[in-house]
Amino acid sequence: MNQSPHRLRVEDLTVVPPRRTGLLVTTALTLAFLALLVWAIATNKAFAWPVVGKYLFHPSILRGLGNTLLLTVTIMILATVIGTVVAIMRLSPSRILQSFANAYIWFFRGAPALIQLIFWFNLAIIMPVISLGLPGVGTLFSLRTNDVMTPFLTAVIALSLHEAGYMAEIIRAGITSVPAGQTEAASTLGMSRGRILRRIVLPQAMRFIVPPTGNEAINLMKATSLVTVIAVDDLLYSAQTIYARTFETIPLLIVVAFWYLAVVTIMSIGQHFLEAHFNRSDSRGGGGGGFGRALRSAFGLSRGARA
Amino acid sequence: MSDLEQDFHVPENMMVYARGVRKSFGRIEVLKGVDLQVPTGSVACIIGPSGSGKSTFLRCINHLEDISGGLLLVEDKFVGYDLIDGRLHVVRPAELCRRRADIGMVFQNFNLFGHMTALENLMEAPMQVRGLPRAEARDRAMALLERVGLAHKADAWPRQLSGGQQQRVAIARALAMDPKLLLFDEPTSALDPELVGEVLAVMRDLAQSGITMIVVTHEIGFAREVGDQLIFMDGGVVEEAGNPRDMLRDPKSERTRAFLSHVL
């Protein structure tokens, strides 16, 4: 207020940002820490980077990766189908169907995946023979359980049933998030219950279903590494097979981690585009999306991970 | 049909016939014996204070609510039931859908399908329920959007439309099924005052086309102008019904008089 106020014009005023000393110091410390970390990793012999390079595209690693992807896709599809059925049962007017669905979710979501996996692997102890017989007709078929239940099939069944417990809850929440007025409007147009669910409710539920389902798919992809305990030849198992022989444990774990991270990144980008698709009715003109935003959302993906 | 006339004395050419219609939600009785007749091709406007049961009654007509007692007929058929050998059989879901397809309904909150454009909203039921080919459904939908003055908004999402535009699309969507009867549940109550006019204009145009309409509304002016019948509901019964102009000029019932003095 030294100057006379009438000399000062609004257009001439300059903005002075506050000094952010704390932010500068923290940034410097973080950079220093990162430099130390990179130096340590680069110079530590145990990481053995040339070995990492040697195994990154090794045929048995790639075969393991293929199996991991096959497991993830198969289990996710089955879990979504079973989960949808269980979710619809939970929302049905029948008390018995509701209770069945609740019990399903309680058990298969509640019991640890690893325990369920080992349980199904040992199914032959409870049920040595799988057979179907009808009174008056006789036995239709009969098979030895251990012949049918290959490790791969065991993994698919156990993890699908487990994952379906989560998917059922996600899908149920999605369905209940669609306002009742949508169902009413559709029924006054003469649409049947099934058609309303398929054409009106589920498409609108998708915007609530896709984000948590993306997280589930990522969690599941990593959780498939549990199948190593029943000797399914997945990504981790094939690495274990190699380092059991060569003792190059750390480099091979780096190879495995690299592939898991690569797949998670691709899945996150796919999830972004899926979300953009189901949110398109929100737009006020203009497409939105874009690859840059997809990448950013891929690396910023940290919400609600379990495991 | 002749049985019906004999046993229940239903007059001819009635689109909707209600006698002693009751409806309870748990212990609360919302409809306490509604008597009402809507001749085919006429426009009936239902007014009344909130909680008088007018919306509930409207929802009973297309079986969104099941009635608890009384007689409710649409085109000489029991709503939700079939009379066979003196017994009422609950209709199968497929038959219920068939009957609902002939009764259009317009809601207070529009209820447009949020994941479909205006045009797709109009094409959905004709294609899914009536099995119309896509091209034909599209042409008809465009013609209807033209009729409500929204052809230029065919590809807009519901969220991009104003309330008045959404309600006009919703009316066009109901019309896309060629209904014999149109039910309006407070169609202008959720609209900003300046948007009410455009919706009423569309409804006025419809009333002149000769379609049977039952309109639950607070728009007394609309009722006076286009209504063939004005029905005042209060406390779950029809308190008074008659010619709108006569009734508004000289209500017979004290309660009608009191209600009208508040809203006019």
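Residues numbered from 1 in each chain as written. Chains lettered and ligands numbered in written order. Predicted model: local features only at pLDDT ≥ 70, side-chain atom pairs only at ≥ 80, totals over all residues. Heavy atoms only, no water.

Participant: How would you summarise the overall build of chain B if you had to cite specific residues and measurements?
Facilitator: Along the backbone of chain B there are ten helices and twelve strands. Scaling as 2.2 N^0.38, a compact globule of 264 residues should have a C-alpha radius of gyration of about 18 Å, and chain B matches this with 19 Å. Counting only C-alpha atoms and orienting by the principal axes, one finds that chain B spans roughly 50 × 50 × 35 Å. Scored against the burial criterion, the 264 residues of chain B give a buried share of 55%. Looking at chain B alone, contacts between residues at least 24 apart form 64% of all its contacts between residues at least 6 apart. Surface accessibility of chain B: about 11,700 Å² in total, with carbon and sulfur atoms responsible for 47%. If the 30 positive side-chain charges of chain B are averaged to one point and the 36 negative ones to another, these points end up 3 Å apart. (Helix = DSSP H or I, 4+ residues; strand = E, 2+ residues; numbered from the N terminus. Rg over C-alpha atoms; globule rule 2.2 N^0.38 Å. Buried < 20%, exposed > 50% of the residue type's maximum accessible area, 1.4 Å probe, protein only. Contact = heavy atoms within 4.5 Å. Areas by Shrake-Rupley, 256 points an atom, 1.4 Å probe, with all protein chains shown as cover. Lys, Arg positive; Asp, Glu negative; His and termini not counted. Charge placed at Lys NZ, Arg CZ, Asp CG, Glu CD.)

Participant: Which residues make up the confidence of the model for chain B, and what values go with them?
Facilitator: When pLDDT is averaged across chain B, the result is 92; 97% of the residues are at 70 or more. The complex prediction reports pTM at 0.79, with the ipTM value standing at 0.90. (pLDDT = per-residue confidence, 0-100.)

Participant: Outline helix α2 (residues 49-56) of chain A, listing residues and values.
Facilitator: Residue and element names in this part refer to chain A. All of the buried residues along α2 are Val51, Val52, Tyr55 and Leu56. The arc that holds the buried residues of α2, viewed along the axis, is 135°, so those residues lie on one side. Every exposed residue of α2 that faces more than 90 degrees away from the buried side is listed here: Pro50 and Lys54. Contacts from the buried residues of α2 go to α3 (59-90), α11 (235-246) and α12 (249-278). (Arc of directions from axis to C-beta.)

Participant: So what's going on with the packing of aromatic side chains? Which residues, and what values?
Facilitator: According to the stated counting rule, one finds seven aromatic pairs over all chains in the structure shown. Here the aromatic residues Phe57, Phe258 and Trp259 of chain A are joined through ring pairs into a cluster of three or more. Over the ring of Phe25 of chain B we find Lys23 of chain B; its NZ or CZ atom is 4.9 Å from the centre of that ring. Taking the ring centre of Phe113 of chain B as reference, the NZ or CZ of Arg173 of chain B above it sits at 4.5 Å. (Phe/Tyr/Trp six-rings, centres within 6.5 Å; stacked < 30°, edge-to-face > 60°. Lys NZ or Arg CZ within 6 Å of the ring centre and 35° of its normal.)

Participant: Quick rundown of the interface of chain A and chain B? Include the residues and the values.
Facilitator: Each partner contributes to the interface: chain A provides 23 residues, whereas chain B provides 25 residues. Taking both partners together, chain A and chain B bury about 2,200 Å²; carbon and sulfur atoms supply 54% of that area. In terms of surface lost to chain B, no three residues of chain A exceed Thr188, Leu189 and Ser281 of chain A, which account for 29% of the buried area on that side. For the interface between chain A and chain B, the tally reads two salt bridges. (Buried area = accessible area lost by both parts, 1.4 Å probe. Salt bridge = Lys/Arg side-chain N within 4 Å of Asp/Glu carboxyl O.)

Participant: Describe the environment of Tyr81 of chain B, with residues and values.
Facilitator: Residues and elements named next belong to chain B. Mapped onto the elements of the fold, Tyr81 is located in strand β6 (residues 81-84). Considering only alpha carbons, one finds Tyr81 and Val196, 115 residues apart in sequence, at a separation of 37 Å. In this structure, Tyr81 is in contact with Asp66, Leu88, His89, Val90, Val91 and Arg99, ignoring residues within four places of it in sequence. Polar contacts involving the side chain of Tyr81 include one to the side chain of Asp66, which spans 3.0 Å. (Polar contact = N/O pair within 3.5 Å; in protein donor to acceptor, adjacent residues only side chain to side chain.)

Participant: Explain the packing of helix α10 (residues 193-223) of chain A against α12 of chain A to me, using residue names and the numbers behind them.
Facilitator: The description of two packed helices rests on the angle between their axes and on the distance between the axes. Residue and element names in this part refer to chain A. Axis separation between α10 and α12 bottoms out at 10 Å; the angle between their running directions is 180°. One way to sum up the angle between α10 and α12 is to call them roughly antiparallel. Taking contact as the criterion, the partners of Pro203, Met206, Arg207, Val210, Pro211, Gly214, Asn215, Ala217, Ile218, Met221 and Lys222 in α10 are, on α12, Tyr260, Val263, Val264, Met267, Ser268, Gln271, Leu274, Glu275 and Phe278. Within the contact of α10 with α12, the residues separate by chemical class into 13 nonpolar, four polar and three charged. (Axes fitted to C-alpha atoms, helices over the stretch in contact; angles between N-to-C directions. Parallel < 35°, antiparallel > 145°, perpendicular 65-115°, else oblique. Nonpolar A, V, L, I, M, F, W, Y, C, P; charged D, E, K, R; others polar.)

Participant: Give a detailed account of the packing of α3 of chain A against α10 of chain A, specifying residues and quantitative values.
Facilitator: Residues and elements named next belong to chain A. For the pair α3 and α10, interaxial distance at closest approach is 11 Å and the crossing angle is 140°. Here α3 is positioned oblique relative to α10, judged by the angle of their axes. Viewed along their axes, α3 and α10 form a crossing whose handedness is right-handed. Two secondary-structure elements touch here, α3 through Thr68, Thr72, Ile75, Met76 and Ile88 and α10 through Leu197, Thr213, Glu216, Ala217, Leu220 and Met221. A breakdown of the residues in the contact of α3 with α10 according to their chemical character gives seven nonpolar, three polar and one charged. (Left-handed = near helix turned anticlockwise from the far one by under 90°.)

Participant: How would you explain the sheet that holds strand β10 (residues 212-216) of chain B if you had to name every residue and give the values?
Facilitator: All names here are of chain B. The strand order across the open sheet built from six strands is β8-β9-β10-β3-β11-β12, with neighbouring strands paired in mixed fashion. On the outer flanks of this sheet lie β8 (103-106) and β12 (237-242), each paired with one strand and no other. With direction set aside, neighbouring strand axes in the sheet form an average angle of 15°. Across four bridges, the pairing between β8 and strand β9 (residues 181-185) is parallel. If you follow Ile103 over to β9, its bridge partner there is Leu181. In the packing of helix α6 (residues 163-175) onto the sheet, the strands contacted are β8 and β9, and the crossing angle to β8 comes to about 170°. (Pairing = 2+ DSSP bridges.)

Participant: I'd like a rundown of the pattern of salt bridges, residues and numbers included.
Facilitator: Evaluated as defined, the whole model comprises 25 salt bridges over all chains. Between Glu169 of chain A and Arg90 of chain A there is a salt bridge, and its shortest N-O distance comes to 2.9 Å. Taken together, the residues Glu169 of chain A in helix α8 (residues 151-176) and Arg90 of chain A in helix α3 connect sequence positions 79 residues apart. Members of the salt-bridge network, linked through shared partners, are Glu75, Asp102, Arg130 and Lys180 of chain B.

Participant: Hey, could you go over the nonpolar core for me, with residue numbers and the actual values?
Facilitator: Counting 75 residues, the largest nonpolar core has Val16, Phe57, Ile61, Leu72, Leu181 and Ile214 of chain B as the members making the most contacts within it. No other element matches the eleven residues that α8 of chain A contributes to this core. Excluding anything up to four places from it in sequence, Leu72 of chain B contacts Val16, Tyr17, Ala18, Val21, Phe57, Cys60, Ile61, Ile67, Lys77, Phe78 and Val79 of chain B. Grouped together as the second largest cluster of nonpolar side chains are 51 residues, Ala141, Ile171, Leu230 and Met247 of chain B included. (Core = buried A, V, L, I, M, F, W, Y, C linked by side-chain atoms within 4.5 Å.)

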